[in-house]
Every structure is written in C-alpha cells, then in structure tokens.
Amino acid sequence: MSSTWTLPDDLDLPTRPDFFPAPGEALPQHWSKCFGCGDDQPSGMAMTFIAEEGIEVSGRLTVANRYQGGPGVIHGGILSVAFDETQGMACMLLGVPVVTGHLEIDFAKPIPLGSVLEFRARMDGMTGRKLYTSAEARIVEGPTAGDDVVATSRGLFLTIKPEHFTPMKDFVDGEATSPFGSSTL
Ligand SMILES: CCCCCCCCCCCCCCCC(=O)SCCNC(=O)CCNC(=O)[C@H](O)C(C)(C)COP(=O)(O)OP(=O)(O)OC[C@H]1O[C@@H](n2cnc3c(N)ncnc32)[C@H](O)[C@@H]1OP(=O)(O)O
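Rules and cut-offs
- Residues numbered from 1 in each chain as written.
- Predicted model: local features only at pLDDT ≥ 70, side-chain atom pairs only at ≥ 80, totals over all residues.
- Heavy atoms only, no water.
- Helix = DSSP H or I, 4+ residues; strand = E, 2+ residues; numbered from the N terminus.
- Pairing = 2+ DSSP bridges.
- Salt bridge = Lys/Arg side-chain N within 4 Å of Asp/Glu carboxyl O.
- Buried < 20%, exposed > 50% of the residue type's maximum accessible area, 1.4 Å probe, protein only.
- Patch = residues over 30% accessible without salt bridge, like charges linked within 9 Å, V, L, I, M, F, W, Y side chains within 5 Å.
- Areas by Shrake-Rupley, 256 points an atom, 1.4 Å probe, with all protein chains shown as cover.

The name recorded for the chain in an unreviewed UniProt entry is Acyl-coenzyme A thioesterase THEM4, from Rhodococcus spelaei.

Following this line, the structure appears as structure tokens:
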C-alpha cells in the first residue's frame, strides 16, 4: 500500500467524552436520509456502527450484488462511501457536526460480492476545526474472510456549524425524519 498522507506534528488527541456510548454499544445514525447509514434511505447501504475502546469505532457492511464494480467484486466508490461514513462516525466523539474535506483510499485486495466487511476507524488527532482520521477494512464473513487488511483509508474532516446545510434545505428528498446532527449522543 502507498500513501502520501502525513499527519501534522501539532495534533491534539481528544479523550473519550462521557456522552459517548460505552464500548460495544451502537452509535446512532447521523441523518436518517444518509446513503451510508440512514434508515429512511431505501437505496442506501444501511451501515451500522458500534463504539469500540478508546477513540475507535467499527462499522459493518454486507456487500450486496448491486454494489458490483468489476466482475464479482465491490465497486471502489462503494468502499469509499463506507470509509467516509465510518471515519465520520469516529468524529462523533467531538459531539459536533463534521463534513469530509479530503479522503484517500488504498485498495489492497479484491472483495467478493456477498462478503461482510468490518471497518475500524479512529481519530488520529485534531487541530482547530481539522480532524485527522484513519481506518482499515477486513473481510469477516465470506469465502475470503480472514485477518488480512483489504483496504485502508485516511481522511480529513472539518467541523461545521449546523447552518452549513441551511442553503440545501429545499433539496432534501421528502420529509426529513431526523435533522442532520440531531443524533441522541
Ligand atoms: C449534537 C451532536 C451531533 C453529532 C453529529 C455528528 C455527526 C458526525 C457524523 C458525520 C458522518 C458523515 C459521514 C459522511 C460525510 C460526508 O460525506 S460530508 C459530504 C462531502 N463533503 C462536503 O460536502 C464538504 C464540501 N466542502 C466544504 O463545504 C468546505 O470546503 C469545507 C470542508 C467546510 C471547508 O471550508 P471552510 O469551512 O471554508 O474551511 P477553510 O477555511 O477552507 O479550511 C479550513 C482549514 O481546513 C483546510 N482544508 C480544507 N479543505 C481541505 C482539503 N480538502 N484538504 C486539506 N486541507 C483542507 C484548510 O487548508 C484550512 O486549514 P488551516 O488554514 O486552518 O490550517
């Protein structure tokens, strides 16, 4: 794998806040219409997330047939969504909304349709509004399941004010059942 990603020297590492779910507990979706995690998005990926020890979270994705890219394998864009989502969830530790500024992926091994992937993401540090995150994926169920890392990701997230989305409110498809950032954390 290769990456040009370098972390700044002056990062602070947040400690796990009291409001964050205990290790093993589920994390709430951040927005019901989200393609990655929303329960009001029929065409979405319906990912689920769990709080892990420290400042780590994990997420699961079953690779549906409709996620096919090359013959029999996951589309790289779908894998990127899953990383984006999992690393964004790791930023929930701060309790404020974030958006992705930069995301980069290394695709290490082919991932067959029908696999169940586990993603693990963490915040590597923050400075000002910038949150640096990283993650890796393994196949936990399926014909090629094992301990090998099949893809890795690094992402920069920026904290935003809720008003960030105000100019977009007329473009929401249908009635929103939960406003962005209204998670119960
Ligand atoms: C009550 C509790 C609720 C909790 C609830 C939590 C929910 C939490 C879960 C969310 C989970 C979401 C998972 C899916 C997340 C998406 O998929 S979000 C969708 C994709 N992303 C977008 O749409 C973002 C589009 N881009 C933008 O809106 C703007 O470019 C941004 C990212 C807000 C930044 O703009 P800005 O605020 O004007 O900031 P700007 O001054 O340009 O930059 C600030 C700093 O960041 C740096 N920067 C900005 N962009 C970049 C970049 N691409 N590369 C490197 N550096 C950059 C700048 O250089 C600058 O650095 P410094 O000078 O401070 O050192």
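Additional details are given in the paragraphs that follow.
Caption draft 1: Unusual backbone geometry, seen in detail. One non-glycine residue with positive phi stands out, namely A46, at about 50°. Mapping A46 onto the fold places it in the segment before strand 1 (48-51).

Caption draft 2: Structural context of the pairing of strand 5 (residues 130-141). Pairing of strand 4 (residues 116-127) with strand 5 involves 11 bridges; the strand directions are antiparallel. Following the sheet pairing, A121 is matched in strand 5 by A135. Where strand 4 folds back on strand 5, the antiparallel hairpin that results is connected by two residues, among which G128 adopts a positive phi of roughly 60°. The pairing of strand 5 with strand 6 (residues 149-159) spans nine bridges and is antiparallel. Across the sheet, residue S134 finds its bridge partner in strand 6, namely R154.

Caption draft 3: Spatial organisation of the pattern of salt bridges. Scanning all chains against the criterion turns up 11 salt bridges. R60 is paired through a salt bridge with E141; the nearest N and O atoms lie 4.0 Å apart. Separated by 81 residues along the polypeptide, R60 in strand 2 (residues 56-62) and E141 in strand 5 bring together distant segments of the chain. Of the charged contacts in the structure, one is a salt bridge between D170 and K169, with a shortest N-O distance of 3.9 Å. An identical accessibility class is assigned to D170 and K169; each is exposed. Here the salt bridges share partners, and the residues they tie into one network are E52, E56, R60, E118, R120, R122, E136 and E141.

Caption draft 4: Quick look at a nonpolar patch on the surface. The grouping of F165, M168 and F171 at the surface amounts to a nonpolar patch, some 330 Å² of accessible area in total. Structurally, F165 is set in the segment after strand 6. Residue classification places F165 among the partly exposed positions, given a relative accessible area of 30%.

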